[in-house]
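# Coordinates in review
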Amino acid sequence: EHPLGTDNLGRDTLARMIHGARTSLSISFAGVLSGALFGVILGVFAGYFGGWVDSLISRIVDILLAFPGLLLAITIVAILGAGSVNTVIAITIFTIPGLTRMVRGCVIGLKNSEYVQACRTMGEGNFRIIFTHIIPNTMSQIIVNVTLSLGTAILTASSLSFLGLGVTPPEAEWGAMLSGMREVVRTYPLGVLVPGITITLVVMSFSLVGDGLRDALDPKLKNN
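For clarity, every value in this text was computed on a predicted model and none was experimentally measured.

The rules behind each value
Residues numbered from 1 in each chain as written. Predicted model: local features only at pLDDT ≥ 70, side-chain atom pairs only at ≥ 80, totals over all residues. Heavy atoms only, no water. Phe/Tyr/Trp six-rings, centres within 6.5 Å; stacked < 30°, edge-to-face > 60°. Helix = DSSP H or I, 4+ residues; strand = E, 2+ residues; numbered from the N terminus. Buried < 20%, exposed > 50% of the residue type's maximum accessible area, 1.4 Å probe, protein only. pLDDT = per-residue confidence, 0-100. Contact = heavy atoms within 4.5 Å. Expected span 1.5 Å × (residues − 1). Arc of directions from axis to C-beta. Salt bridge = Lys/Arg side-chain N within 4 Å of Asp/Glu carboxyl O.

### Observations concerning the packing of aromatic side chains
- All chains considered together, the criterion is met by 5 aromatic pairs.
- Consider the rings of phenylalanine 45 and phenylalanine 49, whose centres lie 5.4 Å apart with planes at 45 degrees: the pair is tilted. Taken together, the residues span about one helical turn, with phenylalanine 45 and phenylalanine 49 both in helix H1 (residues 6-49) at a distance of 4 residues.
- With a relative accessible area of 31%, phenylalanine 45 lands in the partly exposed category.
- Here the aromatic rings of phenylalanine 49 and phenylalanine 127 are separated by 6.3 Å at their centres, their planes lie at 55 degrees, and the arrangement is tilted.

### With respect to the confidence of the model for the protein
- Looking at the protein, the pLDDT average stands at 83 and 91% of residues meet or exceed 70.
- Contacts for the low-pLDDT stretch residues 1-6, under 50 throughout, to residues beyond four places or in other chains number 5 contacts.

### Considering helix H2 (residues 51-65)
- Over its 15 residues, H2 extends 21 Å from the first C-alpha to the last, a length consistent with the 21 Å expected when each residue adds 1.5 Å.
- Those residues of H2 that sit buried are Val53, Asp54, Ile57, Ser58 and Val61. Down the axis of H2, the buried set is contained in an arc of 115 degrees. They therefore lie on one face. When the buried face of H2 is taken as reference, the exposed residues oriented beyond 90 degrees from it are Trp52 and Ile63.

### Some words on the pattern of salt bridges
- Applying the stated criterion across every chain, the model contains 4 salt bridges.
- Here aspartate 54 ties to arginine 104 by a salt bridge, and the two come within 2.7 Å at their closest N and O atoms. Placement of aspartate 54 in helix H2 and of arginine 104 in helix H4 (residues 84-111) is noted, with a sequence separation of 50 residues between them.
- Residue classification places arginine 104 among the partly exposed positions, given a relative accessible area of 27%.
- Put simply, arginine 214 and aspartate 211 hold a salt bridge, and the shortest N to O gap is 2.8 Å. Taken as a pair, arginine 214 and aspartate 211 lie in helix H8 (residues 190-217) at a separation of 3 residues, close to a single helical turn.
- It is possible to trace a salt-bridge network through shared partners that takes in Arg59, Asp62 and Arg101.

This is how it looks when you write it as structure tokens:
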């Protein structure tokens, strides 16, 4: 039996799980929403204006996509240093390329549509068309992508903390808890199982919600 006692470890694990949930979710939401903001802006500009703007943004996105997601996040945090803020920055950069490419594809399909051509004929400016017609018609895809990205962001943040590159003690975070509890895994296996199962369930929940939103919001799937 662990010298602190199983009951004390149980209460400490529960308390840290609650605080860790706030840390893990806040980091993931902040990183994904920041990445979504930049990704939407870059994707809209690349798809709508084309030319050298599209070429420049697409090359940057291709470079970022050349790295596996977790490896890219590890590289960023290794350069910037461990900590919550740098983890958010890593998740932001990690989120941008996929969303940029998705939005770009949607915008390319929308900019040549009849109603956008009619708006141009009526004298509406590019930015008015973008904010009143293009972006609103891509929102369903953006919402689905952001929801799916949240699960990946939680897994990435936990992985970074587990490796000692993300949130550092004494700040509670699910991945950091997994790493810290390895020392008592034989005497108190719940200390590892609880955060591990929690991470799995939360990531799975966001994936299921994202799939449900995609089925509900995608008109092509509705018609099938």
